[in-house]
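Observations on the three-dimensional arrangement
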Amino acid sequence: MFSNTLEGNILKYNLYKTFTKRVYLPLIAVYLTTIGGVTLTQLGIIASITAISSLTMEIPAGYFADKFGHKKSLLLGSFICAISPLFYLLTPNFIGGVLGSVLFFIGASFTQGAIQVFIQETLISLKREQDYVKIMGKAQSYGLIGNTILIAIIPLTYSINPSLPFIAGFFCLFVAFLLVLSFKEPSAHVEIDHKEVSFFNEIKSSFSPKLIFSIILMFLIFGIATATFNNSTIYREIVFKDFGIPVSYFGFILAFGSLLAAITGNYIHHLKKLKSNTFYILDFLYVIITLTLISTSNSAIITILAFSLIPLYSSTRSIIFESIIFEEFPKSNYKTTLLSIMNFFSLGSAVGTPLIFAFTVNKFGLMQGHLIFGLIILGILLPIFLMFYLIKKK
């Protein structure tokens, strides 16, 4: 079906994006509580352990990919992800829940970043590096469509046998592993030997203090905005319920958001026409405006559309940031490490943003809380952006 060529990597990546998600995700809590007797408190502990593990592994996994090879990292990560749902089947209890969740995210740490650099190196070898955003955006679109179909169908097998969604999840993730196995590794384009130049030595020799500070500020902007995007839907279903929207419609509403995101993926490359400073400020203003729209809406339809605007953009925005990193550091040996550090900022920001959001909702009410949360985030991001802008201008 696919040729064993560098061009084949791009086609395989489109399919790979379909099979990297946990198609059994909507059923984990139900499965563990009903089959394994896991309590709600234990579910919270599982989520906390998973978050800590993911945060801890993010940068070391990126460094591993740069040091030992991106394909090796992809193979290791996709294999760990593939076996993770088996622990729900083997030990459907608290321990199995911890292992199934933690292993999946540890595996994902080895694939995230590595796959982006792998595809970018493929495009460099094909002399098509200028197409990175367009190709990644289209792949994200295919993945969203395919994954939406799988998540809609596979959970239906739960009523036949509660184990079936997890078995199907194993096969989907194993397909992703087989696709990685079939990738053709692009020729190395960086001449410096990793053994001679460590990550910290590269920073000392290639990065000025001004550049390092500007990178940190850029990562902060990305991290805080990403955490805001990811957590802005925490109370979505409660808002829908208050508007009287039937619970049976929730799945269709989420599918609608995914469909919009899939369409947007084909056009995300047009944002590359913007200057980086313009893109950064529009990026975080987008989520602030969306939160404002949610908080001021008196219409169920407008509220649904406002919430749908979040995945429409957030599903593909990171591609632009990745492209900027690749352009800023075209000869770096440690691109995956840089992407991992950028993701680390978003994972770290994800610790505080839900707490701020919970505080504003409890203090000011559900709808007004969305507005206050957005304004607080704006108050945090604007000074960071101004510092970034002034440093880049000097």
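In this report, we go over the structure that sits alongside the text. (Residues numbered from 1 in each chain as written. Predicted model: local features only at pLDDT ≥ 70, side-chain atom pairs only at ≥ 80, totals over all residues. Heavy atoms only, no water.)

In this section: the environment of Thr290. For Thr290, the position within the fold is in helix α14 (residues 276-296). Classification of Thr290 by relative accessible area gives buried; the value is 4%. Counting along the chain gives 20 residues from Thr290 to Ile310, while the straight-line C-alpha distance between them is 7.3 Å. Sequence-distant contacts of Thr290, defined by excluding residues within four places in its chain, comprise Ala306, Leu309 and Ile310. (Helix = DSSP H or I, 4+ residues; strand = E, 2+ residues; numbered from the N terminus. Buried < 20%, exposed > 50% of the residue type's maximum accessible area, 1.4 Å probe, protein only. Contact = heavy atoms within 4.5 Å.)

Below, the discussion takes up the nonpolar core. When a protein is soluble and globular, its nonpolar side chains tend to lie buried together. Judged by nonpolar contacts, the single largest core of 100 residues is most densely connected at Tyr16, Tyr24, Leu32, Met218, Tyr280, Ile325 and Met342. Apart from the residues lying within four places of it in its own chain, the contact partners of Leu32 are Gly37, Val38, Leu43, Ile46, Tyr88, Pro92, Asn93 and Gly97. (Core = buried A, V, L, I, M, F, W, Y, C linked by side-chain atoms within 4.5 Å.)

Here Thr336 is to be found in helix α17 (residues 335-364). The residues contacting Thr336, other than those within four sequence positions of it, are Gly62, Ala65, Asp66, His70, Gly113, Ala114 and Val117.

Using the criterion set out here, one finds five salt bridges in the structure. The salt bridge involving Asp131 is made with Arg128; its shortest N-O contact spans 3.2 Å. When the shortest N-O distance is used, the salt bridge between Glu327 and Lys272 registers 2.9 Å. One end of the pair, Glu327, is in helix α16 (residues 317-328); the other, Lys272, is in the loop between α13 (250-265) and α14, and 55 residues separate them in sequence. Each of Glu7, Arg128 and Asp131 takes part in salt bridges that share partners, so that together they form one network. (Salt bridge = Lys/Arg side-chain N within 4 Å of Asp/Glu carboxyl O.)

All right, on to unusual backbone geometry then. Phi is positive for Lys127, close to 60°, though the residue is something other than glycine. With respect to the helices and strands, Lys127 occurs in the loop between α7 (114-125) and α8 (132-153). When its relative accessible area of 67% is taken as the criterion, Lys127 is described as exposed.

This paragraph deals with helix α6 (residues 94-111). Taking 1.5 Å as the rise per residue, α6 with 18 residues should run 26 Å; its terminal C-alpha atoms sit 26 Å apart, in good agreement. Along α6, 13 of the 18 residues are buried, which leaves the element largely enclosed by surrounding structure. Capping the start of α6 is the job of one residue whose side-chain oxygen sits 3.1 Å from the backbone nitrogen of Ile95: Asn93. Just downstream of α6 lies Gly113, where phi reads positive at about 90°. (Expected span 1.5 Å × (residues − 1). Polar contact = N/O pair within 3.5 Å; in protein donor to acceptor, adjacent residues only side chain to side chain.)

We now examine a nonpolar patch on the surface. On the surface, Ile160, Leu164, Ile167 and Phe171 cluster together into a nonpolar patch covering about 380 Å² of accessible area. Relative to the helices and strands, Phe171 resides in helix α9 (residues 164-182). (Patch = residues over 30% accessible without salt bridge, like charges linked within 9 Å, V, L, I, M, F, W, Y side chains within 5 Å. Areas by Shrake-Rupley, 256 points an atom, 1.4 Å probe, with all protein chains shown as cover.)

Right, let's talk about the packing of aromatic side chains for a bit. One pass over the structure, following the stated rule, counts 30 aromatic pairs. The interplanar angle of 85° and the centroid separation of 5.0 Å between the aromatic rings of Tyr235 and Phe357 together place this pair among those described as edge-to-face. Of this pair, Tyr235 sits in the loop between α11 (209-231) and α12 (236-242) while Phe357 is found in helix α17, placing the two residues 122 residues apart along the sequence. Counting every residue linked through ring pairs, the aromatic cluster contains Phe79, Phe170, Phe171, Phe174 and Phe177. (Phe/Tyr/Trp six-rings, centres within 6.5 Å; stacked < 30°, edge-to-face > 60°.)

Further remarks concern the packing of helix α3 (residues 40-68) against α17. Two packed helices can be described by the angle between their axes and the distance between those axes. Where α3 meets α17, the axes come as close as 7 Å, and the angle between the chain directions of the two elements is 170°. The orientation of α3 relative to α17 falls into the category roughly antiparallel. Touching Ser54, Leu55, Glu58, Ile59, Gly62, Tyr63, Ala65 and Asp66 of α3 are Lys335, Thr336, Thr337, Ser340, Ile341, Asn343, Phe344, Leu347 and Gly348, all from α17. (Axes fitted to C-alpha atoms, helices over the stretch in contact; angles between N-to-C directions. Parallel < 35°, antiparallel > 145°, perpendicular 65-115°, else oblique.)

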